[in-house]
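Take a look at the letters that make up each chain.
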Amino acid sequence: MTLSDPAEAGKETTAAAGQDGPARAAKMRNRTRWLPALALLPALLLTLWLPLNGDVAYALSGLEAAGRGGVSVWDVFVARPIAYRLFLAGLDGFRDLLPGADSFAARNAIVRLEADLVIILIGIVLYLGLRRFCRPAVAAVSALATTAALLISPPWHYLQPDWVAVVAGVLAVGAAGAPRRWWLGALLGGFATFLTIAVKLATAPIAVIALLLIAVLCVRRALWTAVAAIAFTGIWYVLTKQFLPWEWIWFNDQAALVHNSPIHHAPNLTDFRSFRKAAYDVMIVSPIVVLAPAAVVVLARRRLRYYALAVVIAGLSVSSAYAQGEWFMYHFAVVPVLAAGVWGAAFGANRRARLPLGIGLLAASLASAVLLRQPVDWRLTQLGLVSKAYLLGAVLIAVWAGLAARGARTDQPSRWTAVAGTAAATLAMLPASLPGSAYAFSGYNANAWNGLGVDNSAFDGLSTRLGRDTPVLYLAFGNVAYKMGNPTACRYPSPQWLQRSTYLPQVRDYPSYSDNLRCLTDDKTARYVVISSSWFRVTRADAEVQGLIAARFDCSDQARVPAPSDLVVCPARS
C-alpha cells in the first residue's frame, strides 16, 4: 500500500474514523457528566440567602453565647440531644475559623453552605451505594432527587433535628451499600443508622425506614447493619447514662412537658383530625409528596410485596410526627425526602412513565408556589377544598403513570434524563423556599413567611451599646441571643424551664427547673439582663424568681437601656 493509492487511503480513513467514534463519544460523556448536578445550582444559590429558622437560630445561639461564656457544648441546654449539639457545634466551629464571618448575614450563609456541602457529600455516598445494586443512571437520578430534596428543604425543616436524622438515614442507605466488603458497609451503615436515633429519640422510625430500604437492595447487608446499629446504640446509651446524666434528666423533663401527646393516651378523633390537617399541609408545602403514589405504582407494578412495603414505610415516615403530637411541619421532614428518592428511581427506571411523572410534578409544584403565597386568612378557610384537589391529583397521576408504564421495558436512561429528573425535583422543592412563601399552608406557623435577608442593625446596635463582649443573662427566646451575640455564663442561654413555669406551675418541681434557677442564684458575672416581655412574663413567674431578678438588676424606667422589639434590658445593681 502506498499513500498515493486512493482506495487504500479511503479504507484507512474509514477505519480511523470508526476507532475515533467511540473515543469521541466517551470524551463527550465525560464532559457532560456534571450536567445533572448543575441543575441544582440555581436553587442552591437562592436558598443560601434564606435566614435560618428560629429553632435552629435558638440552638446555635445557645452554643455560641454559652460557649463564649465558658460553658462547654457537653453541658449547655438547648432542648436538643448531645449528638445534634455536636453536629451544629462542628458547623459553627468551622465558621469561626473563617475571617469576616461574624456578621449576621455571613453567619447564616456560611452555616447553610457548610451544611449543603455535607449534603452533597452524602448524596455522592448514596449514589455509590445505589449503584452497586441498581443501574448507574437510575441510581444517579434517585440520588440527585434525594440530594435536591435535602438541599432545598422547606426553611422550617432545614437543620432541625428531624431533618438531620433524615440526612443520617440517607447516609445509612448509601454507606451500607457503597463498600465492596459487606462487613464494612454494615459498620458504616450501622453507625449512620444509630445517628438517626442519637440526634433525636423521636426519629427512631427513620432508622427502621433506612434498614428497610437497605433490605430492598440487599437483605444480608440490612441484617448486619441492624446488628451494628443496635450495638452502637447500646454503647451510646451506657456512655451517656454514665458520663452525661443530665442528658436523660432533660429528656425526661422534656417528655413530661408534652404529656398530652398521642403516645401518652389511646388514639382519639381529635388527634386523628389534627394529624390529617398536618398531612394535607405536607402535600401542599412539599408537592413532590403528591407524586409518591405514582412512583410506587411504576416501581412496584404487580408485585404486591412492594405495595405492602410502601404502606409500611409510609406509616413509619409519619409515625414520629404523630407520636410527638405538635403537628409542626419539620416533624414530617422525612416524607418529602423519601418521596423524592422514590420519584427519582421511578423517573429513571421507566421511559414511558416519565411524561406523567414529570408533568404531574410540575403541575403540583406550580399550584403550591401560588397557594403558599396567598393571604393567611384565605388559606385557613380553604384547606378542605385544596387538600381534596391534591388527593384527586395524586390518584389521577398514579393511574396515568400506571397505564403508561404497562408493558414498558426498563431502559438505560441518558444523562439528559438525569438532568431533567434533577431539574424537576429541584423545582418541586422550591415553592416552600421562595421569598414570600408561608412556612405552612394552614397549620402552626401559617403566618410565618420567608424573607431574603434580615435587618439586624437594631440588635447589633444594642450589643454595641452594652459592649460586644459584655456578659448578660438572657430571659428571652434563643434567637435573641443569636441576633445580639453577647456571651452568657448560664448553661441555659434561653431559660426554657423558668419560662415554662410561668404558665405550667408543675414545672417548678422538675430537676431541670432547679438547675435553671442557679443562673439567678449562682451566676454573678452578668452585667445586664435581657428580657423578652412577650416570651418571659416576669409577673407570672414564681415569687422567688421575681425577687432574684429585682435584687440583682435595676429595671426602673430610668435605668433601662434602649432596646428594640419587646426587649427590656436592665443593668446589674452595683
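The structure this text deals with has already been given above.
Residues numbered from 1 in each chain as written. Predicted model: local features only at pLDDT ≥ 70, side-chain atom pairs only at ≥ 80, totals over all residues. Heavy atoms only, no water.

S.K.: Any details on the overall build of the protein chain? Residues and values, ideally.
M.R.: Broken down by element type, the protein chain carries 24 helices and three strands. Taking 574 residues into account, the globule formula puts the C-alpha radius of gyration at 25 Å, and the protein chain, at 27 Å, falls close to it. If you line up the protein chain on its principal axes, its C-alpha atoms span 105 × 60 × 50 Å. Considering the protein chain as a whole, with its 574 residues, one finds that 52% of them fall into the buried category. When contacts within the protein chain are restricted to residue pairs at least 6 apart in sequence, those whose partners lie at least 24 apart make up 76%. Summed over all atoms, the accessible surface of the protein chain reaches about 25600 Å², with 65% contributed by carbon and sulfur. Averaging the positions of the 51 positive and the 32 negative side-chain charges in the protein chain gives two centres separated by 13 Å. (Helix = DSSP H or I, 4+ residues; strand = E, 2+ residues; numbered from the N terminus. Rg over C-alpha atoms; globule rule 2.2 N^0.38 Å. Buried < 20%, exposed > 50% of the residue type's maximum accessible area, 1.4 Å probe, protein only. Contact = heavy atoms within 4.5 Å. Areas by Shrake-Rupley, 256 points an atom, 1.4 Å probe, with all protein chains shown as cover. Lys, Arg positive; Asp, Glu negative; His and termini not counted. Charge placed at Lys NZ, Arg CZ, Asp CG, Glu CD.)

S.K.: Please provide a residue-by-residue account of the packing of helix α14 (residues 292-300) against helix α18 (residues 376-405), values included.
M.R.: Contact geometry of α14 with α18 gives a least axis separation of 8 Å together with a crossing angle of 20 degrees. Judged by the inter-axis angle, α14 sits roughly parallel to α18. Here α14 and α18 pass one another in a crossing that is right-handed. Contacts between α14 and α18 involve Pro 293, Ala 294, Val 297 and Val 298 from the former and Ile 397, Ala 398, Ala 401, Gly 402 and Ala 405 from the latter. When its residues are assigned to classes, the contact of α14 with α18 shows eight nonpolar, one polar and no charged. (Axes fitted to C-alpha atoms, helices over the stretch in contact; angles between N-to-C directions. Parallel < 35°, antiparallel > 145°, perpendicular 65-115°, else oblique. Left-handed = near helix turned anticlockwise from the far one by under 90°. Nonpolar A, V, L, I, M, F, W, Y, C, P; charged D, E, K, R; others polar.)

S.K.: Tell me about the pairing of strand β2 (residues 528-532), and please be specific about residues and values.
M.R.: Along β2, five of the five residues are buried, which leaves the element largely enclosed by surrounding structure. The side-chain alternation of β2 yields two buried faces, one formed by Tyr 528, Val 530 and Ser 532 and the other by Val 529 and Ile 531. Across four bridges, the pairing between strand β1 (residues 472-475) and β2 is parallel. Residue pairing for β2: Leu 473 is matched across the bridge by Val 529. As judged from the five bridges shared by β2 and strand β3 (residues 567-571), these two strands associate in the antiparallel manner. In the strand pairing of β3, Val 530 is matched with Val 569. (Pairing = 2+ DSSP bridges.)

S.K.: So what about a positive patch on the surface? Which residues, and what values?
M.R.: Together, Arg 131, Arg 132, Arg 180 and Arg 181 make up a positively charged patch on the protein surface. For Arg 131, the position within the fold is in helix α6 (residues 104-131). Given a relative accessible area of 41%, Arg 131 falls into the partly exposed group. (Patch = residues over 30% accessible without salt bridge, like charges linked within 9 Å, V, L, I, M, F, W, Y side chains within 5 Å. Salt bridge = Lys/Arg side-chain N within 4 Å of Asp/Glu carboxyl O.)

S.K.: So what's going on with unusual backbone geometry? Residues and values would help.
M.R.: The phi angle of most residues is negative, glycine excepted, and most peptide bonds adopt the trans form. The phi torsion at Ala 79 lies on the positive side, around 60 degrees, for a residue other than glycine. Mapped onto the fold, Ala 79 is located in the loop between α4 (54-68) and α5 (82-96). Given the relative accessible area of 17%, Ala 79 is considered buried. Of note, the phi angle at Trp 327 is positive, near 60 degrees, even though the residue is not glycine. For Trp 327, the position within the fold is in the loop between α15 (304-324) and α16 (334-349). Among the residues examined, Trp 327 registers a relative accessible area of 15% and is labelled buried.

S.K.: Describe the state of the cysteines, with residues and values.
M.R.: One pass over the full model with this rule turns up two disulfides. With its sulfur 1.9 Å from that of its partner, Cys 490 forms a disulfide with Cys 519. An S-S torsion of about 70 degrees defines the bridge between Cys 490 and Cys 519 as right-handed. Placement of the pair is Cys 490 in the loop between α21 (478-484) and α22 (496-500) and Cys 519 in helix α23 (residues 511-521), with a sequence separation of 29 residues. The two residues Cys 490 and Cys 519 agree in class, both being buried. Residue pairing for Cys 555: its cysteine sulfur links by disulfide to Cys 570, the two sulfurs lying 2.0 Å apart. Given an S-S torsion of about 110 degrees, the disulfide between Cys 555 and Cys 570 has right-handed geometry. (Disulfide = S-S within 2.5 Å.)

S.K.: Tell me about the packing of helix α7 (residues 136-151) against α16, residues and numbers included.
M.R.: In contact at an axis separation of 7 Å, α7 and α16 are set at 155 degrees when each is read in the N-to-C sense. Put simply, α7 runs roughly antiparallel to α16. For the element pair α7 and α16, the recorded crossing hand is right-handed. Side by side, α7 and α16 meet where Val 138, Val 141, Ser 142, Ala 145, Thr 146, Ala 149 and Leu 150 of the first sit next to Pro 336, Val 337, Ala 340, Gly 341, Gly 344, Ala 345, Phe 347, Gly 348 and Ala 349 of the second. Taken together, the residues of the contact of α7 with α16 sort by class into eleven nonpolar, five polar and no charged.

S.K.: Can you break down the pairing of β3 residue by residue, with the values?
M.R.: β3 sits mainly inside the fold: five of its five residues count as buried. Both faces of β3 are covered, namely the face carrying Leu 567, Val 569 and Pro 571 and the face carrying Val 568 and Cys 570.

S.K.: Would you mind going over the sheet that holds β2 in detail, with residue names and values included?
M.R.: The strand order across the open sheet built from three strands is β1-β2-β3, with neighbouring strands paired in mixed fashion. Two strands in the sheet have a free side with no partner beyond their single neighbour: β1 and β3. If you compare each strand with its neighbour and ignore which way they point, the axes differ by 15 degrees on average. The sheet contacts of helix α20 (residues 457-466) involve β1, β2 and β3, and relative to β3 the element is tilted by about 5 degrees.

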